[in-house]
Amino acid sequence: MTVQKEEGYVTADGRKIGGTLMEMKNITLRFGGVKAITDISFDIKEGEIRAIIGPNGAGKSSMLNVISGFYVPQEGEVWFRGAKRPPMKPYEVAQQGIARTFQNIALFEGMSVLDNVMTGRLNNMKTNMFQQAIWKGKAEKEEVENREVVEKIIDFLEIQSIRKTPVARLPYGLKKRVELARALAAEPKLLLLDEPMAGMNVEEKEDMSRFILDVNDEFGTTIALIEHDMGVVMDLSDRVVVMDYGKKIGDGPPDEVRNNQDVIDAYLGVAHD
Amino acid sequence: MFYREAGDFKTSYVDDNQTFPIKFDRYRYYFVLLFAFLVVPFVINDYWVNAVFMPFLIYSIAAIGLNILVGYCGQVSLGTGGFMAVGAYACYKLMTAFPEVNIFFHVLLAGGVTAVVGVLFGLPSLRIKGFYLAVATLAAQFFLVWLFNKVPWFYNYSASGQISSPERTVFGYAVTGPHTSAWATYLFCLVFVVLCAVIARNLTRGTVGRKWMAIRDMDIAAEIIGVDPLRSKLSAFAVSSFFIGISGALFFSVYLGAVEVGEAFGINKSFLVLFMIIIGGLGSIFGSFAGAAFLVLLPVLLKNVLVSGLGWPTDLAAHLEFMIVGGLIITFLIAEPHGLAQLWRVAKEKLRLWPFPH
Ligand SMILES: Nc1ncnc2c1ncn2[C@@H]1O[C@H](COP(=O)(O)OP(=O)(O)OP(=O)(O)O)[C@@H](O)[C@H]1O
Ligand SMILES: [Mg+2]
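Residues numbered from 1 in each chain as written. Chains lettered and ligands numbered in written order. Predicted model: local features only at pLDDT ≥ 70, side-chain atom pairs only at ≥ 80, totals over all residues. Heavy atoms only, no water.

## Description of the overall build of chain B
Then, in step 1: Counting its secondary structure elements, chain B contains 15 helices and four strands.
Then, in step 2: Expressed along its principal axes, the backbone C-alpha trace of chain B runs to roughly 70 × 55 × 45 Å.
Then, in step 3: Residue burial in chain B is summarised as follows: out of 358 residues, 49% are buried.
Then, in step 4: A separation threshold of at least 6 residues defines the contact pool for chain B, and within that pool the share at least 24 residues apart is 73%.
Then, in step 5: When the accessible surface of chain B is split by element, carbon and sulfur atoms take 70% of a total near 16600 Å².
Then, in step 6: Here chain B holds 23 positive side-chain charges and 18 negative ones, and the gap between their average locations is 5 Å. (Helix = DSSP H or I, 4+ residues; strand = E, 2+ residues; numbered from the N terminus. Buried < 20%, exposed > 50% of the residue type's maximum accessible area, 1.4 Å probe, protein only. Contact = heavy atoms within 4.5 Å. Areas by Shrake-Rupley, 256 points an atom, 1.4 Å probe, with all protein chains shown as cover. Lys, Arg positive; Asp, Glu negative; His and termini not counted. Charge placed at Lys NZ, Arg CZ, Asp CG, Glu CD.)

Following this line, the structure appears as structure tokens:
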């Protein structure tokens, strides 16, 4: 298989971005007669924060679902870490190092915050059921080792005080944060965030922005995020893909995209031909 | 002795992961164990063992098993009676085919056989959920009972169509057959209960249990973070059936001694165990015990108080029992899906921080 290594680049704030981590090639996704995504190609480079923006119903979430293996596109190829990805179940995609959060929070409501975040580490936990049943020895050791990692993430996201709280009791903003913690627990290569700041107040948005930047900075995690708040997108992202009605209408650094006439039209609701 | 968390600081994650993180709970647990093993066997008699202790212990195992499937993994099952029958018949066939092997292993193996059967009947769970899965397990229930009635090989071609357990001993003491003593059968069952409870607790506190609960709470999200739904569900079916098989084996060999499958392991049994975990608490090992104790004790209590004490007719007392159980099920389903275990937990939570709730 051909290995694609394209040149990276250096961002405005001096971070070095590596070669291509993921590439979507000519993706088309249909639901019956509805075309959710039409022939879209873009890439995500190692270490960057890539935003996907666009009006409601543009197909952004569908694109993330294609990346996580939840939707199978009718046409196109997904390349990850230099290899074409064969058709895969979502859990296999997760095992490859792709973690995500959801537009509508998808936490395990019956479990505590700690258990939710621990669940995020399941790909790192290898003891079998018999070892688990005995517990003493391998299983307990593994549990403690993984708990240490999880506690670091809990500290990092400042949710220490709620670690034993059942998730169902948390307010919305904290749930979003716990969901991020669960995704981070997997120590993913690529982190997908579907509207991480939707429905938050200004203060919560600032916190969340800081966490996203810190994750990228401290762990070197590549991030692809969907966001509606243009201010946030301009602040956070290195490059932006703009979608409208399932088509890609712009791709580039935030400043460039902001001045793109098609993008302005899409956001101002200029009539489509 | 005070029930409290204040001042009882955890200095390692092992400590924090304990089954009973609070000292008082831990002591009470050791106390119950000691009492069960060292005191009860000396004071127990035939009436108590047959009316209360043995059914309580055996149903506890079944309830733990069903709770793993329903309460932890969220897969509804109405096949408990059928799976208990698999355990009973497997145990019977093993006992009669290999009389020289200790019955302890027969019971364990019967659990193993039931686990395999459980996995087979669990296969549809990948495609169907909720109500439809319940109907599929109901089909399993009826099919299994029919099978054990229809195929004479299962009951060794006995004229009555029943199976009856021959005498088997452990360390020279009879635990099955007509010449058992109360304490021996009690201890034999108790060992299995402790074993099953410990295994269940270990599985549910680790990554296997978190996978089950993830599937229960939101299967799509579980899959997207890396849970293989098929393996996870089938492992729940396997473990659950293992326990239920053990309980069926004990129910037949130690408790009843002779069994007619439709009567002992009919659909009523499936509902009884389901009611136990609903009343006791879904997703709780302690709740499995609480529910089993409640539904075993209730009829005994009603009979002693109403029939023997107040002279009510037996059928009236039985009807009252139905009404109480029915009413409780509705109450718990609507008001407190986590059952008695949750009421207990709330009470403890209040106590735990007392006298400084903030
Ligand atoms: N499972 C599905 N079945 C049928 N149609 C779908 C499905 N998922 C998405 N669609 C359709 O695909 C289109 C794109 O939806 P998508 O959720 O990807 O948009 P989005 O850009 O995330 O919008 P929003 O900003 O509102 O979240 C919409 O027309 C939607 O109705
Ligand atoms: Mg969306």
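## Concerning the packing of aromatic side chains
All names here are of chain B.
Then, in step 1: Evaluated as defined, the whole model comprises 27 aromatic pairs over all chains.
Then, in step 2: Geometrically, the ring pair formed by Tyr29 and Tyr30 is tilted, given 5.5 Å between the ring centres and 50° between the ring planes.
Then, in step 3: Judged by relative accessible area, Tyr30 falls into the partly exposed class, the value being 46%.
Then, in step 4: Ring plane angle 80° and centroid distance 5.3 Å describe the contact between Phe188 and Phe192, whose orientation is recorded as edge-to-face. Of this pair, Phe188 and Phe192 both sit in helix α7 (residues 182-205), four residues apart, which is roughly one turn of the helix. (Phe/Tyr/Trp six-rings, centres within 6.5 Å; stacked < 30°, edge-to-face > 60°.)

## What to know about the sheet that holds strand β5 (residues 49-53) of chain A
Residues and elements named next belong to chain A.
Then, in step 1: Read from one edge to the other, the open sheet built from six strands follows the order β8-β9-β10-β5-β11-β12, with strand pairing classed as mixed. Bordering the open sheet on either side are β8 (98-100) and β12 (247-252), each of which pairs with just one other strand. Ignoring strand direction, the axes of neighbouring strands in this sheet form an average angle of 15°.
Then, in step 2: Of the strand pairs in this sheet, β8 and strand β9 (residues 190-194) are connected by three bridges, and their pairing is parallel. What sits directly across from Ile98, in β9, is Leu190.
Then, in step 3: Along the sheet, helix α1 (residues 60-67) contacts β5, β8, β9, β10 (222-226) and β11 (239-244); its crossing angle with β9, the most-contacted strand, is approximately 150°.
Then, in step 4: Contacting β5, β9 and β10, helix α7 (residues 202-219) runs over the sheet at an angle of about 155° to β10. (Pairing = 2+ DSSP bridges. Axes fitted to C-alpha atoms, helices over the stretch in contact; angles between N-to-C directions.)

## Description of the coordination of the magnesium ion (ligand 2)
The expected angle between donors at a tetrahedral four-coordinate metal is 109.5 degrees. At an octahedral six-coordinate metal it is 90 or 180 degrees.
Then, in step 1: Protein-derived coordination of the magnesium ion (ligand 2) comes from A:Ser61 (OG) and A:Gln103 (OE1), at a distance range of 1.9 to 2.1 Å. On the criterion of sequence distance, the pair formed by A:Ser61 in helix α1 and A:Gln103 in the loop between β8 and α3 (113-119) is long-range, its members being 42 residues apart. (Donors = N, O, S within 2.8 Å, 3.2 Å for Na, K, Ca; no water.)

## Quick word on the interface of chain B and chain A
Frequently, the measure chosen for interface size is the accessible area removed from exposure when the parts meet.
Then, in step 1: Across the boundary between the two partners, chain B contributes 31 residues, which contact 36 residues of chain A.
Then, in step 2: Three residues, B:Tyr13, B:Arg210 and B:Ile224, lead the burial of chain B against chain A; their summed loss comes to 25% of the area buried on that side.
Then, in step 3: Summed over the shared surface of chain B and chain A, the number is one salt bridge.
Then, in step 4: For B:Arg210, the salt bridge identified is with A:Glu143, shortest N-O distance 3.0 Å.
Then, in step 5: Linking chain B with chain A are seven residue pairs in polar contact (both at pLDDT 80 or more).
Then, in step 6: Mapped by element, the contributors of at least two residues to the side of chain B that touches chain A are α1 (13-16), α7, α8 (207-217), α9 (219-224) and α10 (229-256) of chain B.
Then, in step 7: Looking at which element gives the most residues to the side of chain B that touches chain A, the answer is α8(B), with eight residues.
Then, in step 8: Residue classes in the side of chain B that touches chain A are distributed as 16 nonpolar, six polar and nine charged. (Buried area = accessible area lost by both parts, 1.4 Å probe. Salt bridge = Lys/Arg side-chain N within 4 Å of Asp/Glu carboxyl O. Polar contact = N/O pair within 3.5 Å; in protein donor to acceptor, adjacent residues only side chain to side chain. Nonpolar A, V, L, I, M, F, W, Y, C, P; charged D, E, K, R; others polar.)

## Some remarks on the sheet that holds strand β7 (residues 83-84) of chain A
All names here are of chain A.
Then, in step 1: With antiparallel pairing, the four strands of this open sheet are ordered in space as β4-β3-β6-β7. The open sheet has two edge strands, β4 (34-45) and β7, and neither has a second partner.
Then, in step 2: With two bridges connecting them, strand β6 (residues 75-80) and β7 associate as antiparallel partners. What sits directly across from Trp79, in β7, is Lys84.
Then, in step 3: In the packing of α1 onto the sheet, contacts are made with β3 (20-31), β4 and β6, and the angle to β3 comes to roughly 120°.

## Considerations on the packing of helix α13 (residues 285-309) of chain B against helix α14 (residues 314-335) of chain B
Residues and elements named next belong to chain B.
Then, in step 1: The interhelical angle for the contact between α13 and α14, taken along N-to-C directions, is 140°, at an axis separation of 10 Å. Classified by chirality, the crossing of α14 by α13 is right-handed. Packed against α13, whose contacting residues are Phe294, Leu295, Leu298, Pro299, Leu302, Leu306 and Val307, the element α14 presents Thr314, Ala317, Leu320, Glu321, Ile324, Val325 and Leu328 at the interface. (Left-handed = near helix turned anticlockwise from the far one by under 90°.)

## Comments concerning the pattern of salt bridges
Residue and element names in this part refer to chain A.
Then, in step 1: Under the defined criterion, the tally for this structure stands at 27 salt bridges over all chains.
Then, in step 2: Arg30 is the salt-bridge partner of Glu75, the closest N and O atoms lying 3.6 Å from each other. Note that Glu75 is positioned in strand β6 and Arg30 in strand β3, a separation of 45 residues in sequence.
Then, in step 3: Note that Lys189 and Glu46 form a salt bridge whose closest N and O atoms lie 3.4 Å from each other. Pair noted here: Lys189 is in the loop between α6 (172-185) and β9 and Glu46 is in the loop between β4 and β5, with a separation of 143 residues, a long-range link.
Then, in step 4: With a relative accessible area of 27%, Glu46 lands in the partly exposed category.
Then, in step 5: Linked by salt bridges that have partners in common, Asp43, Lys45, Glu48, Arg50, Arg239, Lys248 and Asp251 make up one network.

## Focus on unusual backbone geometry
All names here are of chain B.
Then, in step 1: Of note, Asn156 is a non-glycine position whose phi angle comes to about 50°, a positive value.
Then, in step 2: Position of Asn156 among the secondary structure elements: in the loop between α6 (130-150) and β1 (163-164).
Then, in step 3: Here Tyr157, not a glycine, exhibits a phi torsion of approximately 55°, which is positive.
Then, in step 4: Inspection of the secondary structure assignment puts Tyr157 in the loop between α6 and β1.

## Focus: the domain arrangement of chain A
All names here are of chain A.
Then, in step 1: What the domain assignment lists for chain A is domain 1 (1-97 + 188-273) and domain 2 (111-185).
Then, in step 2: Distance from the C-alpha centre of domain 1 to the C-alpha centre of domain 2: 27 Å.
Then, in step 3: Facing 20 residues of domain 1, the contacting portion of domain 2 comprises eleven residues.
Then, in step 4: Where domain 1 abuts domain 2, roughly 1200 Å² becomes buried across the two surfaces, and 70% of that area is made up of carbon and sulfur atoms.
Then, in step 5: Linking domain 1 with domain 2 are two salt bridges, by the criterion used here.
Then, in step 6: A salt bridge links Glu158 to Arg210; its shortest N-O distance comes to 3.7 Å.
Then, in step 7: At the junction of domain 1 and domain 2, the tally comes to two residue pairs in polar contact (both at pLDDT 80 or more).
Then, in step 8: Taken together, the elements giving at least two residues each to the side of domain 1 that touches domain 2 come down to α2 (90-95), β9 and α7. (Domains from an automatic or database assignment.)

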